[in-house]
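So the chains spell out like this:
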Amino acid sequence: MCGIVGYIGQKEAFPILIKGLQRLEYRGYDSAGVALLNGDLNIYKCKGKVNDLLAHTDGKKLCGNIGIGHTRWATHGEPNDINAHPHTSSDGKLAIIHNGIIENYAVLKEELIKRGHTFESDTDTEVLVHLIEEVRKKGGMPLEEAVRTALQQVVGAYAIVVMSNDEQRKLVAARKSSPLVIGIGKEENEFFIASDATPIVEHTREVVYLNDHEIALMDKESGLSIRTIENKEKTPFVQALEMNLEMLEKGGFDHFMLKEINEQARSISDSMRGRLDAALGTVRLGGLSEHQQKFFQAKRIIIVACGTSWHAGMVGEYLFEDFARIPVEVEYASEFRYRNPIINEDDVVIAISQSGETADTLAAIRLAKEKGATILGICNVVGSSISRETDAGAYTHAGPEIGVASTKAFTAQLTILSLMALMLAKHKGTMSRSRYMKLVQELDRIPEKITAALKCEEQVEYISGEYKDASNFLYLGRGYNFPVALEGALKLKEISYIHAEGYPAAEMKHGPIALIDEEMPVVVLATKSSTYEKVLSGIQEVKARKGKIIAIANEKDPELERLSDHVIYIPETEEPFAPMLSVVPLQLLAYHIAVMRECNVDQPRNLAKSVTVE
Ligand code: G6P
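About the cut-offs
Residues numbered from 1 in each chain as written. Predicted model: local features only at pLDDT ≥ 70, side-chain atom pairs only at ≥ 80, totals over all residues. Heavy atoms only, no water. Helix = DSSP H or I, 4+ residues; strand = E, 2+ residues; numbered from the N terminus. Rg over C-alpha atoms; globule rule 2.2 N^0.38 Å. Buried < 20%, exposed > 50% of the residue type's maximum accessible area, 1.4 Å probe, protein only. Contact = heavy atoms within 4.5 Å. Near = heavy atom within 4 Å. Polar contact = N/O pair within 3.5 Å; in protein donor to acceptor, adjacent residues only side chain to side chain. Areas by Shrake-Rupley, 256 points an atom, 1.4 Å probe, with all protein chains shown as cover. Nonpolar A, V, L, I, M, F, W, Y, C, P; charged D, E, K, R; others polar. Pairing = 2+ DSSP bridges. Axes fitted to C-alpha atoms, helices over the stretch in contact; angles between N-to-C directions. Core = buried A, V, L, I, M, F, W, Y, C linked by side-chain atoms within 4.5 Å. Phe/Tyr/Trp six-rings, centres within 6.5 Å; stacked < 30°, edge-to-face > 60°. Lys NZ or Arg CZ within 6 Å of the ring centre and 35° of its normal. Right-handed = clockwise from strand over helix to strand, strands pointing away. Parallel < 35°, antiparallel > 145°, perpendicular 65-115°, else oblique. Left-handed = near helix turned anticlockwise from the far one by under 90°. Salt bridge = Lys/Arg side-chain N within 4 Å of Asp/Glu carboxyl O.

Peer 1: Explain the overall build of the protein to me, and be specific about the residues and the numbers.
Peer 2: Within the protein one finds 19 helices and 27 strands. For the protein, the C-alpha radius of gyration of 25 Å lies close to 25 Å, the compact-globule estimate for 614 residues. Looking at the protein as a whole, 62% of its 614 residues are labelled buried. Counted over contacts in the protein with a minimum sequence separation of 6, partners at least 24 positions apart contribute 71%.

See the structure below:
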């Protein structure tokens, strides 16, 4: 959700900002802009993508070694040139970029209008920069102090970077509920700042994650200093980045999404490495160690997440209940926090989030924490807000996921949930040794089975060509495969804009069956399971109404072949791990249909990779 980048040092800022914005574009891509300081304050911004901004800046004065850049995902005000960031104060001396929402912007705006301010845009951000200007006018204060004082009046979420024409050696940044990372450059007093580490990694590995309520001053003369909004000095905690540049490139694939689908064998192995010993039957999650006992003693597990991570959470529910016989509730984070949920001290809340920044998930864990529950996180982005606010957790080592539609993060989340459920089952003695060993050994084989499952791509591409013009799709699955049906439908909706619904196979007869006719492709997850025969009956019902069946199956079954228009075969596995394999053809189906429909696969319309607003 909105990408922020800033640079201060000796180098030319513009190319650094543009490269940074291109890396951050997955966070939002409605409009883009930069501001550069070089004696003057020059601002270039326009509706559209970073490439549109590049075209827009053609022939303009682009020098300056202090600059800020922004790529927007609109919240207040439609995406247009005026609403694009950076925004400026009325005297044109201050420029700001912002990610988040200023909740009390209307009140502040009214007050500022009374004081003679006029506004060009519909954004809450413009109000903030005018507020800083107003504060500065009164006290004649240095920029960092004016930002701090202004923020004391602000309600809402923000990550901001501000610069001023009359303090040409400074960048000031602040955060509350929206992420910001500062990269410590190789040259003296050189700093990079961004919403996440992706624009920073090619310049430096040393970073400082800004915490909520902190304000950072990056000064060409005095370096980096951090103070809280209450003006308490903080010592910057410098950490090393684990990411490398290769992880941020497409590596020969046409799209990040395809690259990420193909990376799943690796990302699952990385998520298990050092944690699962299949020969000995041991599972160890180092990140849980301090809170492991709480996890083992939990009376109930509550999983909170959004989007694809919520689908992973649903599989988690099945895993924990099946393996460890513990009650589990899976909640949309956004619903959970607003419905006065019952949370007890012996509950363990697991937050699942690829980005670790989803505002609703973050708010849900804060609520659960207040009520005394133990909070565990399953995050992909190291150092993210959720990973820092949870009591303990396990990272999915999927590597950066750039495609907006989540793929490898989902299967990595399932890997961690499987490991956690196995650990708990072993501790609680809820599973026979033989079943436990069978599952552990099968989990260890999942990466090689993913590689085999990926071989279906050519067939999936062919099937995609047959159905790319359909207006609706139905996805059916039962048991462990029901969340996969939801996830398959979500993938298709997100990137191809075809309406799709996921349904529990047996529920179809209670409604969606009315939709079925010869125009309706129905994707049925018919892998080997305890409900296989029943799924087959469901297929009969669809066929009787002339629906087109695309079945995902494990072994040749003449009956299935007879009923289906297409059968995609993937390797067989233990039923609890089926989602990790059966989702692969569905990811590929969504991908190829979207490509054939000429959709922007990696940056689908209206979506953002990381939703840092409620
Ligand atoms: C956005 C993304 C989805 C993602 C969801 C939750 O909607 O477009 O792909 O599943 O947020 O994100 P999280 O980072 O918390 O997993």
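Peer 1: Can you tell me about the site of the ligand, naming the residues and giving the values?
Peer 2: The environment of the ligand is formed by 14 residues, the closest being S309, S353, Q354, S355 and T358. S309 is positioned such that a nitrogen or oxygen atom in its side chain is 2.5 Å from an oxygen atom of the ligand. A distance of 2.6 Å separates an oxygen atom of the ligand from a polar side-chain atom of S355. Contact with the protein chains removes 91% of the 390 Å² of surface that the ligand exposes when unbound. Sort the elements by how many residues they give to the shell around the ligand and helix 9 (residues 307–324) lands first, with three residues. For the shell around the ligand, a count of residues per class yields four nonpolar, eight polar and two charged.

Peer 1: Lay out the sheet that holds strand 14 (residues 233–234) in plain terms, naming residues and giving numbers.
Peer 2: Spatial ordering of the open sheet is given by 5-6-7-8-12-13-14, a layout of seven strands whose pairing is antiparallel. The outermost strands of the open sheet, each flanked by one partner alone, are strand 5 (87–88) and strand 14. Across two bridges, the pairing between strand 5 and strand 6 (residues 94–102) is antiparallel. When the bridges of strand 6 are listed, H87 appears paired with I96. With respect to the sheet, helix 5 (residues 143–151) is in contact with strand 6, strand 7 (156–164), strand 8 (170–176), strand 12 (214–219) and strand 13 (223–228), its orientation differing from that of strand 7 by roughly 160 degrees.

Peer 1: Before we move on, could you go through helix 7 (residues 264–272) and cite the residues and values that matter?
Peer 2: Along an α-helix, residues three or four positions apart point the same way, because every turn accommodates 3.6 residues. Within helix 7, seven of the nine residues are buried, which leaves it mostly tucked inside the rest of the structure. Along helix 7, the positions that sit buried rather than exposed are Q264, A265, S267, I268, D270, S271 and M272. Tucked into the core, helix 7 has its buried residues touching helix 6 (256–262), strand 16 (276–277), helix 13 (408–428), helix 14 (433–453) and helix 19 (578–596). The first or second residue beyond helix 7 is G274, which carries a positive phi of 75 degrees.

Peer 1: Lay out the environment of N42 in plain terms, naming residues and giving numbers.
Peer 2: With respect to the helices and strands, the residue N42 is situated in strand 3 (residues 40–47). Under the relative-accessibility criterion, N42 is labelled buried at 14%. Spatially, the C-alpha atoms of N42 and R227 are 29 Å apart, while their sequence positions differ by 185 residues. Ignoring anything within four residues of it in the chain, the contact list for N42 reads V34, A35, L36 and K61.

Peer 1: Report on the sheet that holds strand 27 (residues 566–569), specifying residues and quantitative values.
Peer 2: The five strands lie next to each other as 24-23-25-26-27, forming an open sheet whose pairing is parallel. If you trace the sheet from one side to the other, it starts and ends with strand 24 (499–504) and strand 27, each paired once. Between one strand axis and the next, the sheet turns by 20 degrees as a mean value, whatever way the strands run. For strand 25 (residues 521–526) and strand 26 (residues 548–553), the ladder comprises six bridges, and the chain directions are parallel.

Peer 1: Pulling in residues and values, what's your account of the nonpolar core?
Peer 2: F295, F320, F323, I350, M420, F473 and Y475 are the most contacted members of the largest nonpolar core, which has 94 residues in total. Contacts of I350, omitting those with residues within four sequence positions, involve I301, I302, I303, V304, F320, L376, I378 and M420. Core analysis: the next-biggest nonpolar cluster, separate from the first, contains 32 residues, L36, V50, L53 and A197 among them.

Peer 1: An account of the packing of aromatic side chains is requested, with residue identities and associated values reported.
Peer 2: Applying the stated criterion across every chain yields a total of seven aromatic pairs. Among the aromatic residues, those joined into a ring-pair cluster are F295, F296 and F320. Directly above the aromatic system of Y497 lies the positively charged group of R605, at a separation of 3.8 Å from the ring centroid.

Peer 1: Can you tell me about the environment of R597, naming the residues and giving the values?
Peer 2: Mapped onto the secondary structure, R597 falls in the segment after helix 19. With near-sequence residues (within four places) excluded, R597 lies in contact with K468, D469, A470, S496, Y497 and I498.

Peer 1: Could you give an account of the pairing of strand 24, with specific residues and numbers?
Peer 2: Looking at chain direction, strand 23 (residues 472–477) and strand 24 are connected through six bridges and run parallel. By the bridge assignment, L474 is partnered in strand 24 with E501. For the segment spanning strand 23, helix 16 (residues 482–496) and strand 24, crossover handedness is right-handed.

Peer 1: Can you explain the packing of helix 13 against helix 14? Please cite residues and give values.
Peer 2: Two elements in contact, helix 13 and helix 14, have axes separated by 11 Å at closest approach and are oriented at 160 degrees. Between helix 13 and helix 14, the angle is such that the two are roughly antiparallel. Classified by chirality, the crossing of helix 14 by helix 13 is left-handed. Contacts between helix 13 and helix 14 involve S418, L419, L422 and K426 on the former and, on the latter, R433, Y436, L439, V440 and L443. Residues belonging to the contact of helix 13 with helix 14 are distributed by class as follows: six nonpolar, one polar and two charged.

Peer 1: Tell me about the pattern of salt bridges, and please be specific about residues and values.
Peer 2: Side-chain pairs of opposite charge can arise where the charged atoms are in close proximity. Counted under the stated rule, the structure contains 41 salt bridges. Salt-bridge contacts for E574 lead to K438; the nearest nitrogen and oxygen are separated by 3.9 Å. Of this pair, E574 sits in the loop between strand 27 and helix 19 while K438 sits in helix 14, and the two are 136 residues apart along the sequence. Each of K93, R136, E144, D166, E167 and K170 takes part in salt bridges that share partners, so that together they form one network.

Peer 1: Tell me about the side chain of T573, and please be specific about residues and values.
Peer 2: The topology assignment puts T573 in the loop between strand 27 and helix 19. Residue T573 is classed as buried on the basis of its relative accessible area, which comes to 13%. The contacts of T573, once residues within four sequence positions are left out, are E442, I446, K449, A578 and L581.

Purely geometric stuff here, so don't read any function into it on its own.
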